[in-house]
Amino acid sequence: YKRQVVTGETGAAPGSGDGSGGGRVFEFAEKPKVTRRGDEVTISFAVRDFCDATVAIEGRDGRILRHLASGVLGKNAPPPFQKDSLKQTVVWDGKDEQGAYVDDKDNAVVRVSLGLKARLERSLLWSPKTRTRDPQYLDGNLVFAAAPEGIYVYDGGSGDHVRLFDHDGNYVRTVYPPPAGKLKDFDGLLWREFPQDGARLPLKWGLAQCTFLTTAMLGAGGQSWPVDGNGDVRAMAAFGDRLMLACERINRLAADGGTGGARLGGPDVFVPTYVPGAHEWRGGVVNVPPTDAAFSPDGRWIYFAGYMWSRSWMHGLLNGVGRVPADGSGPLENFAGSLCEVTGSGRVEKSFVETVKGNPPAPGQIAGAVSVATDPSGRVYVADHLNSRIRVFDPSGRPLKDIPFEKPAFVRVNPKNGEIYVFRYPLPIDQFKASASNPCFARLGPFEDPKVLASAPLETTGWCLDSPPCRIAVDFWTDPPTIWFCDKARSSYDWGPPDRYERTCAKLLVEKDGKLAVRRDFGKEAKAETGWLRGPRHMKRRLYFNPKNRKLYVGDLHAPAVVHATSMREIAIVDPDTGKVSRTVLPFDAEDMAFDINGLAYLRTFDAVARYDPENWREIPFDYGDHSPAVSCGLFPAKVISAVTFAGVGGIASGQLGGMAVSPKGHLVVTVANPERAAERRDEARMGSFGTRPYTPRIYPGRSRPWEVHVFDRHGKPLYADAVPGVGRMVGINMDRDDNIYVMLAGIAPVGGKPYFNPLSCSLIKLRPGTKFYSTNAVLPMADDSRPNRPPDFTDVDTCGSAWVENPCWIRGGVGFDGKRFKCHCPSQSRPALDFFARSFVPEPDHYSVLVLDSAGNEMLRIGRYGNVDDGVPLIRDGGPPNPRPIGDDEVALMHPQMLAVESDRRLFIGDLGNARIASVRLDYRAGEEVPLKDIPDQAEMEGK
């Protein structure tokens, strides 16, 4: 457990970015001096500059027995440091973190360190073969594009990722997110100067603000930052060094990760279609995107097909093929069939020609154009699904030939010999029909003589909404051609075939002896390498560190639940020393988790917290608690002996309940959504676990509802009821050993004297229990003459409007993010972390960094900068990309730092879903001294003698 020293001058002070510490000097003017008198140990030292200092008492094994002090010295030095002094004296009372005396002081060491710094240690839970999102949710699937240099693979849903693999299936590099060195060549980014430090950085789009892509969720034209222009890719094609990604709109990339001189955003390629009974949030109109694309052989045109949907049990296909100029010089135009006609239960609301009702196409016309391919002569091959044929056109759109094939779903043409590769599998329009059976592959002769040369069954059990259940690419640059295949295994929650997650990863297949033989299976390989094949749904991946066994627990939201609860049940356990992953199943589906200093796990629902020993998940009952036969978020109930309970519901915030934490003293702090009618609970009965302790909040002019904070002692006895009255919706909460509360508020505070520009940002506040909030959106409005005589401390606070806080310790704006404030329950939130020195580690997702604040709110360090997963050379390469690029400084490259966990003075864990990994960051110092207490005589003993 002894500290492993991080070599190199890394981890600059906030804003410097060069490893220099922002000009500060990290040197002792007087090295630490220690005196002992009984249980009292006095530590004194002096520094040459007002740098940050940390004082800890460590055991012989390197574990910290007491976190005494840490912070930036100077005018605002946090206690117990003396303010505005280079000379410091800190007294240890001889007690450990939980207030018990340390008897064996001779085996203790006093450590005084200067200049907190960081260094990328390794990538955890990363593999290019695993899925970046939960593959069981809706239409999540891989998308492939074959090219001479290899196979491009897109995965999305928890950030957007495009990776290049060679023809043997080996990872080469990440193309998107772009490398740090390619941002300057990425035409189409929206740049902004950030008031925190003056840095000029690109803004990200979407409900979760995690992507540069603008392929989907166009809203009002896709030009309105912060949320319009989301990612999500349904079709992808490659030509030369160009890569085209499409959903509702085209995005253009270059193979090197830039945009190759082209602008990122291209023309729209969707067709607005009215679907009766579709999602209300679409108003019945669905922007139907293509799901297949192909370049013309000269690179002039891009063809689109596979316009399909399945919403609210309504399904349909468009009956045409569209095309756009590859240079973006023109809009989508009809090439073959009709993009105005619909087969299925929907109808076109708008079209390129006129508004018509959906009718089956006339005899002989295309009925469901589901796939498109081209050959070197420029011919266009269309999988005419419902007509059971492949219809071939010349480049002008004139029909040349019909090739019979029952229910074709995907077609490609070998550019070397013209052979036609055809696949059949069920599409959304087939999922309730008998015709969905008999999936297969066939290889046909060339256009001149397209007879069946070979065939083989295709194993698939999947289905998708709005997208093909299978994704395929044919790599014609191998001999024999390699088929890249991905299946959307049909299952949900915790049941389904045993290999349901493995089969959603890519397989490399080759035709052999009338079968498709497996050449490589990414699912099996990734399972052997990492043991974890699922990414989170809606980017909800929470990190928890167990200080006893020193393991990182990763809680992903997977399956849907009652009232969209963000619950988790299957947990990954990561050993940060080895990178190895194991899994465990929680006793019930919990919305959140926390560990106390002794390693006990606390699991919560809407209205209860139960405590367990995570080694065997045996319940550790609270002395003051309530029994329940079924505590749950709605899916997997468990019996509890005695849980802490409170009046709360889950539906108000779509199950995102704001957080909980356990202080070093064992005090439990928990956020609660308690509506006015919570005591009756008649209309919320199905959401809660059992009858709970009623609580009637104190109402005063300016108080908003329904959010509350309650604090319980280690026995479960209420310590502070309604500890932060009037607070708005929270997206993270912590408590230090002195019962100070740290709240991440879903509201905007000023940065540099002005409200922060990002409306999805949050604010971190330190306050004492009992601190009141006053809001413009209050149950009992304030009189005009009773409002505070100053501008609001926060604006756009969810449930509060504008708000003032009464005597906070400090406020930090421009941190975190909260996607729910834009009318959707799906987007996730960020979460800060607090270590045992009461240092706040705060994500800055829009700044591509993590900010470290001391307990007085001073900036100690900013960790990380923009980069993709190949950027930054780690101390340990195992488990990460094979060829990392150095970027200097702390080598921490981040795309979307969201959830955090921390091991005091050892490691910071950054959930960077934008790079599909957890970055383990080693924490260390620029200078330090250790004084063993065994070398210091006890003055009380000497005087006694």
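Definitions and limits used
Residues numbered from 1 in each chain as written. Predicted model: local features only at pLDDT ≥ 70, side-chain atom pairs only at ≥ 80, totals over all residues. Heavy atoms only, no water. Pairing = 2+ DSSP bridges. Helix = DSSP H or I, 4+ residues; strand = E, 2+ residues; numbered from the N terminus. Axes fitted to C-alpha atoms, helices over the stretch in contact; angles between N-to-C directions. Phe/Tyr/Trp six-rings, centres within 6.5 Å; stacked < 30°, edge-to-face > 60°. Patch = residues over 30% accessible without salt bridge, like charges linked within 9 Å, V, L, I, M, F, W, Y side chains within 5 Å. Areas by Shrake-Rupley, 256 points an atom, 1.4 Å probe, with all protein chains shown as cover. Salt bridge = Lys/Arg side-chain N within 4 Å of Asp/Glu carboxyl O. Buried < 20%, exposed > 50% of the residue type's maximum accessible area, 1.4 Å probe, protein only. Core = buried A, V, L, I, M, F, W, Y, C linked by side-chain atoms within 4.5 Å.

Trainee: Even after reading the chapter, I still don't get the sheet that holds strand β56 (residues 773-775), so can you show me in this structure?
Mentor: Each strand in a sheet pairs with its neighbour through backbone hydrogen bonds, running either in the same direction (parallel) or in the opposite one (antiparallel). Pairing is antiparallel in the open sheet, where three strands are placed in the order β56-β58-β57. In the strand order of this sheet, the two ends are held by β56 and β57 (794-797), each with one partner. Averaged over all adjacent pairs, the angle separating strand axes in this sheet is 35 degrees, with direction ignored. Both β57 and strand β58 (residues 801-805) contribute to a ladder of two bridges, which runs antiparallel. What sits directly across from valine 797, in β58, is glycine 801.

Trainee: Would you mind going over the packing of aromatic side chains with me for this structure?
Mentor: What describes a pair of aromatic rings is the distance from one ring centre to the other and the angle between the planes of the rings. In total, this model carries 30 aromatic pairs according to the counting rule given. Measuring from ring centre to ring centre gives 5.6 Å for tyrosine 421 and phenylalanine 441, while their planes differ by 40 degrees; the resulting arrangement is tilted. Of the two residues, tyrosine 421 sits in strand β30 (residues 420-424) while phenylalanine 441 sits in strand β31 (residues 440-444), which places them 20 residues apart along the sequence. Between tyrosine 421 and phenylalanine 476, the ring centres sit 5.2 Å apart and the planes meet at 75 degrees, which makes this aromatic pair edge-to-face.

Trainee: Even after reading the chapter, I still don't get a nonpolar patch on the surface, so can you show me in this structure?
Mentor: A cluster of nonpolar residues, Ile699, Val779 and Leu780, forms a patch on the protein surface that exposes about 230 Å² of accessible area. Structurally, the position occupied by valine 779 is in the loop between β56 and β57. Among the residues examined, valine 779 registers a relative accessible area of 43% and is labelled partly exposed.

Trainee: Looking at this structure, I do not really get the pattern of salt bridges. What am I missing?
Mentor: Opposite charge on two side chains permits them to pair, given that their charged atoms come into close proximity. All told, the structure shown has 54 salt bridges when counted by the stated rule. Note that arginine 391 is salt-bridged to aspartate 402, the shortest N-O span being 2.8 Å. A residue pair is termed long-range when its members are at least 10 positions apart, and arginine 391 in strand β27 (residues 389-393) and aspartate 402 in strand β28 (residues 399-404) qualify at eleven residues. Accessibility expressed as a relative area gives 35% for aspartate 402, which makes it partly exposed. If you follow the salt bridges from partner to partner, you end up with Glu58, Arg111, Asp835, Arg839, Asp905 and Arg906 in one network.

Trainee: Before we go on, may I ask you to explain the nonpolar core in this structure?
Mentor: Nonpolar side chains in soluble globular proteins generally cluster together in the buried interior. Within the largest apolar cluster, 36 residues are counted, with the highest numbers of intra-cluster contacts made by Tyr381, Ile390, Ile420, Phe423, Tyr425 and Ile472. Within the residue set of this core, elements represented by two or more residues are β25 (369-374), β26 (380-384), β27, β29 (410-413), β30, β31, β33 (470-475) and β34 (482-487).

Trainee: When you look at the pairing of strand β10 (residues 171-176) in this model, what are you seeing that I'm missing?
Mentor: For a regular strand, the rule is simple: side chains alternate between the two faces of the sheet. Where strand β9 (residues 161-165) lies against β10, four bridges are found, and the strand directions are antiparallel. Paired with leucine 164 across the two strands is arginine 173, which belongs to β10. The loop that links β9 with its antiparallel partner β10 comprises five residues; one of these, glycine 169, has a positive phi angle of about 90 degrees.

Trainee: Would you mind showing me how to read unusual backbone geometry here?
Mentor: Glycine aside, negative phi is the norm for most residues, and most peptide bonds take the trans geometry. Geometrically, the link from tyrosine 176 to proline 177 is a cis peptide bond, its omega value of 0 degrees lying close to zero. Among the structural elements, proline 177 can be located in the loop between β10 and β11 (191-193). Residue proline 706 follows arginine 705 across a cis peptide bond; omega there is 15 degrees. Assignment of secondary structure puts proline 706 in the loop between β48 (668-673) and β49 (707-712). Unlike most non-glycine residues, aspartate 232 shows phi in positive territory, near 100 degrees. Here aspartate 232 is to be found in the loop between β12 (200-202) and β13 (235-239). Look at aspartate 889: it is not a glycine, yet its phi comes out positive at around 55 degrees. Along the chain, the position of aspartate 889 falls in the loop between β64 (865-866) and β65 (893-894).

Trainee: Where do I start with the sheet that holds strand β62 (residues 849-853) in this structure?
Mentor: Strand order in the open sheet formed by four strands is β60-β61-β62-β63, with antiparallel pairing between adjacent strands. Whereas interior strands pair on both sides, the edge strands pair on one side only; in this sheet they are β60 (833-834) and β63 (859-863). Note: β60 against strand β61 (residues 840-844), two bridges, orientation antiparallel. Paired with alanine 833 across the strands is phenylalanine 841, a residue of β61.

Trainee: Explain the pairing of strand β38 (residues 551-556) to me, please; I cannot follow it from the model alone.
Mentor: The element β38 is extensively covered by neighbouring structure, given that five of its six residues are classed as buried. Of the pairings in the sheet, the one linking strand β37 (residues 541-546) to β38 comprises six bridges and is antiparallel in character. What sits directly across from tyrosine 544, in β38, is tyrosine 553. Across four bridges, β38 lies against strand β39 (residues 568-574) in antiparallel orientation. By the bridge assignment for β39, glycine 555 is matched with isoleucine 571.

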